[in-house]
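# Analysis of the macromolecular model
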Amino acid sequence: MAYSDEDLYSTRHAATIETLKSPDFAASSEWVRVISSAKQCVVADGFDAARYSACTGIRKRVSEAEVKDKIKPVDTMLTAAGVTSLPTSGSKSIPAPVAKRVAALEVLRHLWLLKTTGSHKLWVLSLPESYKAWPDVALAGKAYDSLGAIVNDGSAHFSVEDRKHLAQATQTGLAWLQKAMVVASSPKKAAHMVILKRWFADANSKDADMETAAAALKAGLKKIAACIKSNFVLICDMPLDRGNAARANVNAFVFSGEAINAIYVEPAFFSKRDMFKDLKNWTRIVVHELSHRMVKTKDHRYRHHASGLKPDTADAKFTAAHALDNADSWALFCMDCAGQLVEADYKRLKVDV
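Residue positions are given per chain, counting from 1 as you read along its sequence in written order. In keeping with the predicted nature of the model, local features appear solely for residues at pLDDT of at least 70, side-chain atom pairs appear and are counted solely at 80 or more, and the whole-chain, interface and lining totals rest on all residues. Side-chain measures were taken over the full set of non-hydrogen atoms in the model, leaving aside hydrogen atoms and water.

### A word on the packing of helix α10 (residues 207-228) against helix α13 (residues 327-337)
- Only C-alpha atoms enter the line fits that serve as axes; for helices the fit covers just the stretch in contact. Angles between N-to-C directions range over 0 to 180 degrees. The helix count covers DSSP runs of H or I at least four residues long, the strand count covers runs of E at least two residues long, and both are numbered beginning at the N terminus. The N-to-C vectors of α10 and α13 enclose an angle of 85 degrees; their axes lie 12 Å apart at closest approach. It follows that α10 is roughly perpendicular to α13 by the angle criterion. Only W330, F333 and C334 of α13 make contact with α10, whose side of the interface consists of A216, L217, G220, L221 and I224.
- Each residue is assigned to one class: nonpolar for Ala, Val, Leu, Ile, Met, Phe, Trp, Tyr, Cys and Pro, charged for Asp, Glu, Lys and Arg, and polar for all the others, Gly among them. Classifying every residue of the contact of α10 with α13 by side-chain character gives 7 nonpolar, 1 polar and no charged. Should an angle fall under 35 degrees it is called roughly parallel, over 145 degrees roughly antiparallel, and 65 to 115 degrees roughly perpendicular, with every other angle called oblique. Residue contacts are defined here by distance: any two heavy atoms, one from each residue, within 4.5 Å place the two residues in contact.

Spelled out as structure tokens, the structure:
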């Protein structure tokens, strides 16, 4: 599916920053601190972890109002957006500035900062299933009842378990990358040369070619690792794809030129149908996608191709040069360096054991 710049999360992120500058949010004592944190939480290159209390504060106020006072989430969010006279029902559209303010707070309400180590900050945006577009688009022009149908939705696209697994995948990915950098840093070591040739050598490749490839790998792996260790990596889905059967087999994707580090996780990410399962596969996908973003790799060939992932001089579409530019080759190389492949895997991938 072709996406426009308007469809990217980074475009909506910039819009959220502008909306949060509004002076018309709630100024009551129960909201003033949360709104202040919200305005500071969303920054140009992502989110400020020191202001994560804005997310937890919004969720807490919505939950307490619903449980204690039977107040619907939509009414709490409209109040936070600065509405002092709440409608009870009807088809009249919510004013555009109000809808934008609700949308900005909805992003924070459904945003999660996962347990991280070091400087790594992993954020997950888990919008309810009722959202078929980013909040500022989905809520625009909605009447009270239809806006409420979305805002009152208590579902989460990524469950608590999903969010846990996503955090594990990025952390495990970093461990794989570090092992791969060891191999790429000393390609002349016999055991390392074996691994390099397995994934990146065809019949014409010499040891010197592998040393050159190792230098390129090392530089790229450092970029990917730096991304994971950065202050901001966002995992979300693409709301526009929800319910689209044509996207059912997509694991994930990125936009290499997007302003912020976002990985769009799609329905097949947690599927059991891949040759690799669970954490091993989730980690492979993360490394694969970040190689696209940070190193500009391509998808010349996937792991399940009938000919496998061994470069071949006889195949004009998958020589050693193609392998060095191939996202799955990078991901499987990292998996191999981390000791996560067994003989049966090598045979399925049709590479040297």
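### Let's talk about the pairing of strand β4 (residues 122-125)
- Each residue is assigned to one of three classes by its accessible area relative to the maximum for its type, calculated with a 1.4 Å probe on protein chains only: buried under 20%, partly exposed between the two thresholds, exposed over 50%. Residues L122 and V124 point to one face of β4 and W123 and L125 to the other, with burial holding for every one of them.
- Whether two strands pair depends on DSSP finding at least two bridges between them. Summarising the sheet, strand β3 (residues 111-113) and β4 pair through 3 bridges and their orientation is antiparallel. In the strand pairing of β4, L111 is matched with L125.
- Note: β4 against strand β5 (residues 233-236), 3 bridges, orientation parallel.

### Examining the pattern of salt bridges
- Here a salt bridge means any side-chain nitrogen of Lys or Arg lying within 4 Å of a carboxyl oxygen belonging to Asp or Glu. Inspection of the entire model under this criterion finds 18 salt bridges.
- Notably, a salt bridge pairs K21 with E18, separated by 2.9 Å at the nearest N-O pair.
- Owing to a relative accessible area of 55%, K21 belongs among the exposed residues under this scheme.
- Here D278 ties to K272 by a salt bridge, and the two come within 2.3 Å at their closest N and O atoms.
- D278 sits in the partly exposed class, given a relative accessible area of 31%.
- Since its relative accessible area comes to 52%, K272 is described here as exposed.
- Each of the salt bridges in this network shares a partner with another, and the network as a whole consists of D274, R284, R303 and D328.

### Some details on helix α1 (residues 9-20)
- By this rule, a helix spans an expected 1.5 Å times one less than how many residues it contains. Its 12 residues give α1 an end-to-end C-alpha distance of 16 Å, which sits within 8% of 16 Å, the value for a rise of 1.5 Å per residue.
- Those residues of α1 lying buried are Y9, S10, R12, H13, T16, I17, T19 and L20.

### With respect to the layout of surface pockets
- Its boundaries defined by the atoms lining it, the largest pocket holds a volume of some 410 Å³.
- Buriedness for pockets is judged along seven lines, at least five of which must meet protein on both sides within 12 Å for an open set on the 1 Å grid over protein atoms alone, while cavities are sets there where a 1.4 Å probe fits but cannot get out, and lining residues have an atom within 4 Å of a point. Lining the largest pocket are 20 residues, and of these N249, N251, D274, R303 and H304 lie nearest its centre.
- A per-element tally of the lining of the largest pocket places helix α11 (residues 278-295) first, with 6 residues.
- Partitioning the lining of the largest pocket into residue classes produces 6 nonpolar, 7 polar and 7 charged.
- Computed from the structure, the second largest pocket encloses a volume of approximately 230 Å³.
- Looking at the lining of the second largest pocket element by element, the count peaks at 4 residues for helix α3 (residues 53-69).
- Looking at side-chain class alone, the lining of the second largest pocket contains 4 nonpolar, 6 polar and 5 charged residues. Grid points are joined across faces, edges and corners, and a volume is the space filled by probe spheres set on the points.

### Comments concerning the packing of aromatic side chains
- Any two of the Phe, Tyr and Trp rings considered here, Trp counted by its six-membered ring, make a pair once their centres fall within 6.5 Å; the pair's planes then place it as stacked at under 30 degrees, edge-to-face at over 60, or tilted in between. All told, the structure shown has 12 aromatic pairs when counted by the stated rule.
- Ring geometry for F253 versus F255: centroids 5.6 Å apart, planes at 85 degrees, classification edge-to-face. In this structure, F253 and F255 share a single accessibility class: buried.
- Ring-pair connections join several aromatic residues into one group, and the members of that group are Y3, F253, F255 and Y264.

### Digging into the nonpolar core
- Nonpolar cores were defined as sets of buried Ala, Val, Leu, Ile, Met, Phe, Trp, Tyr and Cys residues, with membership established by side-chain atoms within 4.5 Å. Residues W199, L221, L332 and F333 are the most contacted members of the largest nonpolar core, which totals 57 residues.
- It is helix α8 (residues 160-185) that provides the largest number of residues to this core, a total of 10 residues.

### Quick notes on unusual backbone geometry
- Even without glycine at this site, K70 takes up a positive phi of about 60 degrees.
- As for its position among the elements, K70 is in the loop between α3 and α4 (73-80).
- Note on K70: relative accessible area 67%, which makes it exposed.
- Positive phi, normally seen in glycine, also occurs at D278, with a value near 50 degrees.
- Checked against the element boundaries, D278 lands in helix α11.

### Concerning the environment of R61
- Position of R61 relative to the elements: it lies in helix α3.
- Using a relative accessible area of 25% as the deciding quantity, one classes R61 as partly exposed.
- R61 sits 106 residues away from A167 along the chain, and the two C-alpha atoms are 26 Å apart.
- Ignoring sequence-local partners within four residues, the contact set of R61 consists of E30, W31, V34 and T76.

### Regarding the sheet that holds β5
- Strands sit in the order β3-β4-β5-β7-β6 across an open sheet of 5 strands; the sheet is mixed. Because the sheet does not close on itself, it has two edges, and the strands there are β3 and β6 (252-253).
- The pairing of β6 with strand β7 (residues 262-265) spans 2 bridges and is antiparallel. Across the sheet, residue A252 finds its bridge partner in β7, namely V265.

Scope: geometric values only; no functional claims are made or implied.
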